[in-house]
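Spelled out from the first residue to the last, the chains are:
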Amino acid sequence: MLTYFVIAPILIAVFLYLLSSHYVAKILAIVVQAIFLGFTFFLFMESREQAIITVVGGYADSIGIILRADMLSSAFVMLTAFIFLITAIYALNESWSKLYWLLIYIWQGLIIGIFLVRDFFNVFVLFEVATLIVAVLILFLRERRSVFDGLIYIMVNTVAIQFYLFGVAYIYMLTGTLNMDIAAAVISETDKSQLILPYVLIMTAIIFKCALIPLASWLPKVQGIPRAPSAVAAILSGLHVKCAVFLFLQFQFIFEPVANHDFFLGLGLLTAILSIIMAFSQDDIRLILAYSSTAQIGLIIVGLSTNNADYGSLYHIINHAIFKTSLFLTSGMLMQIYKTRDINKITGIFKHSPILGISILLSILAIIGAPLFNGNISKYFIMDDIDMWLYVVLSVVNFGTIAIFVRYAFMLFGNPKNASAVLMHKNKVVSVLLLGIFSLFTGIFGVWIMNFLFDSQLSVSVGSYIEKTAIFAVSVILAVVLCKYRYRLTKQLNYVQALDINFRGMCISIGLFFAIMLIFVGFL
Amino acid sequence: MTFAQTVAILMFFLAFFGLITSRNIVKSIVCLVIKETSAIVFFLGLRFREGILPPIGESLSQPLEYIADPLPQALMITAIIIGLAVTAVDIIMLIYLTHETGSTDWDEVKAKTKARVASLDYE
């Protein structure tokens, strides 16, 4: 049964591609997506009772490809269907060729496949094909600069995924199977010293795909490509990277004997802090959002690496997908209206188009973790019951996020000087407004939704909630002051902004990361 | 560790050395292909023993311990196909860039492509 969830989007894509009428195909695409979302909800309700397992082709467990939907993976499948439905509504009026629709639905099938598959080798296959699909999608509106960045993207991704392939070979040598569940059972009885090399090889590739800081530069490069469709940039940081985060969690469980949590805790914090500095220094709205994505992923990794913040992090994955998709989609609309990506030239969104302004404001409030919004709930549970020093560092990280988005919110006010009278398409406004309202909705009923999705028993204590709200209020005031005086730091920030890493530098950083992690896991 | 695996690991490091030193995009792509081949050789050399039979045709009537493990071969066929597709896309992009800029040097291509898109404005 689970096979259909992977194959259906791909088959539908091919069918719609062959349909002669472009307009009918697009409408059908939306309808099919909505029906598909219903099916994924049905899958989620089924898997709540008991995990569903399908062996493709009916082979034995140790040979065939295993697909498994438990509560967690089916929740992410549901999220995938939802985000793709919204981006389909958003892209409805674009005059792009049918190729876009074909590729985007194949991509959907691949992402769902990564969430469901329980087989080491097929993760490699799905990731490689997804890399190719993304490369074609960002080059879709061809331009010189984007071809260069696309080439770097695809080559450096291949370099990283080959580490994974080597790691899989080691696993096969040690355990004699590629099934994750059987391999996990064998690994728990294997000698620790034999596991270090495959663990480090696999984790190097997964951390690369998660876009944590020494290996993060590919994500902003791809999302900063001038004419890459906004929907693609949104799915890239909303879902594509989350696949890697999901796999990170899986592999930490599988490699339990050698799994090192402190290393990733440090890496997550480093990523969060450095990305915030990078994001604060940028002028390009796409790059601001890209670097803030890596900061939030750092936060998620920190949460997954501490002892008791798993639910908060998992909920933050979902929330981040919702509000970051909204922010990327609105950035596409801003680029159409203002004909620029420079944050300093965009002013007066509220006066130009109030509904767009409201949906941007809702997403900003969600990402900075304002009370009542979904970001607040997930950040509350990430920061709940942790060490004092970590609490302070995460508060600083959150202050950084607030500073970035207070600066981003300055765009909302003032007079729309450079705005052109572009017709605001209703489908675009509806899709982003829907996401904004959804992030408010998942905030107000946050605890209830978390208990529903993860079958947990969480509750918010009033005392610490008030304490966190007070910290939030102080952070906002400080952030406004910081943004007012940002011009004094222009020289230093421009220096940070000009930092660029070339292909060789990326390869060196992958190699160095591999070596450092090997030393850390093997000898410390 | 079989002979094939030792060779594969050496190839891996050689290719990685090439990737971090070569200034030319063509050389980088060649190194990438070598690196991928090393992973394939490593996988195929996993359970290799002297005098082993291929898992096809008449040799299947032999006892199982004389027959090679078919799984790595099935997997590596997939990996080869994916590698082919990725390399093809790399080369298509490279051809496009070389037509536009007249160079295959990483830094030169970057300088020439970036100069055209200096500002954040459109049109």
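This structure is a prediction, so every number in the text was calculated from the model and none was measured.

Each value, and the rule that gives it
Residues numbered from 1 in each chain as written. Chains lettered and ligands numbered in written order. Predicted model: local features only at pLDDT ≥ 70, side-chain atom pairs only at ≥ 80, totals over all residues. Heavy atoms only, no water. Helix = DSSP H or I, 4+ residues; strand = E, 2+ residues; numbered from the N terminus. Rg over C-alpha atoms; globule rule 2.2 N^0.38 Å. Buried < 20%, exposed > 50% of the residue type's maximum accessible area, 1.4 Å probe, protein only. Contact = heavy atoms within 4.5 Å. Areas by Shrake-Rupley, 256 points an atom, 1.4 Å probe, with all protein chains shown as cover. Lys, Arg positive; Asp, Glu negative; His and termini not counted. Charge placed at Lys NZ, Arg CZ, Asp CG, Glu CD. pLDDT = per-residue confidence, 0-100. Pairing = 2+ DSSP bridges. Buried area = accessible area lost by both parts, 1.4 Å probe. Salt bridge = Lys/Arg side-chain N within 4 Å of Asp/Glu carboxyl O. Polar contact = N/O pair within 3.5 Å; in protein donor to acceptor, adjacent residues only side chain to side chain. Expected span 1.5 Å × (residues − 1).

*Asks:* Break down the overall build of chain A for me, with residues and values.
*Replies:* Secondary structure assignment for chain A yields 22 helices and 2 strands. On C-alpha atoms alone, chain A measures out to a radius of gyration of 22 Å, which is about the 24 Å that the 2.2 N^0.38 rule sets for 524 residues. Seen along its three principal axes, the alpha-carbon backbone of chain A occupies a region of about 65 × 60 × 50 Å. Counting every position in chain A, which comprises 524 residues, the buried fraction comes to 64%. The long-range fraction of contacts in chain A, counting pairs at least 24 apart against all pairs at least 6 apart in sequence, stands at 81%. With an accessible surface of roughly 18400 Å², chain A has 68% of that area assigned to carbon and sulfur atoms. Positive and negative side-chain charges of chain A, numbering 30 and 24 respectively, have mean locations separated by a distance of 19 Å.

*Asks:* Residues and numbers for the confidence of the model for chain B, please.
*Replies:* Residues and elements named next belong to chain B. With 93% of its residues at a pLDDT of 70 or more, chain B has an overall mean of 84. Ranking the elements of chain B by mean pLDDT puts helix H4 (residues 106–116) last with 78 and helix H2 (residues 25–44) first with 91. Interface confidence for the predicted complex, given as ipTM, is 0.92, next to a pTM of 0.92.

*Asks:* Account for the pairing of strand S2 (residues 65–69) of chain A, with residues named and values stated.
*Replies:* Residues and elements named next belong to chain A. Of all 5 residues in S2, 4 are buried, a share of seventy percent or more. Pairing analysis gives 5 bridges linking strand S1 (residues 52–56) to S2, with the strands arranged antiparallel. Residue pairing for S2: Ile53 is matched across the bridge by Arg68.

*Asks:* How would you summarise the interface of chain B and chain A if you had to cite specific residues and measurements?
*Replies:* At the junction of the two partners, chain B supplies 51 residues and chain A supplies 49 residues. Summed over both sides, the interface between chain B and chain A buries roughly 4900 Å², with carbon and sulfur atoms accounting for 73% of that surface. Here the element with the most residues in the side of chain B that touches chain A is helix H3 (residues 70–101) of chain B; it accounts for 15 residues.

*Asks:* Could you give an account of the pattern of salt bridges, with specific residues and numbers?
*Replies:* Using the criterion set out here, one finds 10 salt bridges over all chains in the structure. Between Arg68 of chain A and Asp70 of chain A there is a salt bridge whose closest N-O contact spans 3.0 Å. Asp70 of chain A matches Arg68 of chain A in its accessibility class, with the two residues each being buried. Of the charged contacts in the structure, one is a salt bridge between Arg504 of chain A and Asp107 of chain B, with a shortest N-O distance of 3.3 Å. On the criterion of chain membership, the pair formed by Arg504 of chain A in helix H22 (residues 503–523) and Asp107 of chain B in helix H4 is interchain, its members lying in two chains.

*Asks:* Which residues make up the side chain of Thr271 of chain A, and what values go with them?
*Replies:* All names here are of chain A. As for its placement among the helices and strands, Thr271 is situated in helix H11 (residues 261–281). In terms of polar contacts, Thr271 uses its side chain to reach the backbone carbonyl oxygen of Leu267, at 2.7 Å. Each residue touching Thr271, except ones within four places of it in the same chain, is listed here: Ala211, Leu212, Ile213, Thr294 and Gly298.

*Asks:* How would you sum up H2 of chain B? Please name residues and give values.
*Replies:* Residue and element names in this part refer to chain B. The terminal C-alpha atoms of H2 lie 29 Å apart, and with 20 residues this matches the ideal 28 Å at 1.5 Å per residue to within 8%. All of the buried residues in H2 are Ile25, Ser28, Ile29, Cys31, Leu32, Lys35, Glu36, Ser38, Ala39, Ile40, Phe42 and Phe43. Between the side-chain oxygen of the N-cap and the backbone nitrogen of Val26 there are 2.9 Å, and the N-cap of H2 in question is Asn24.

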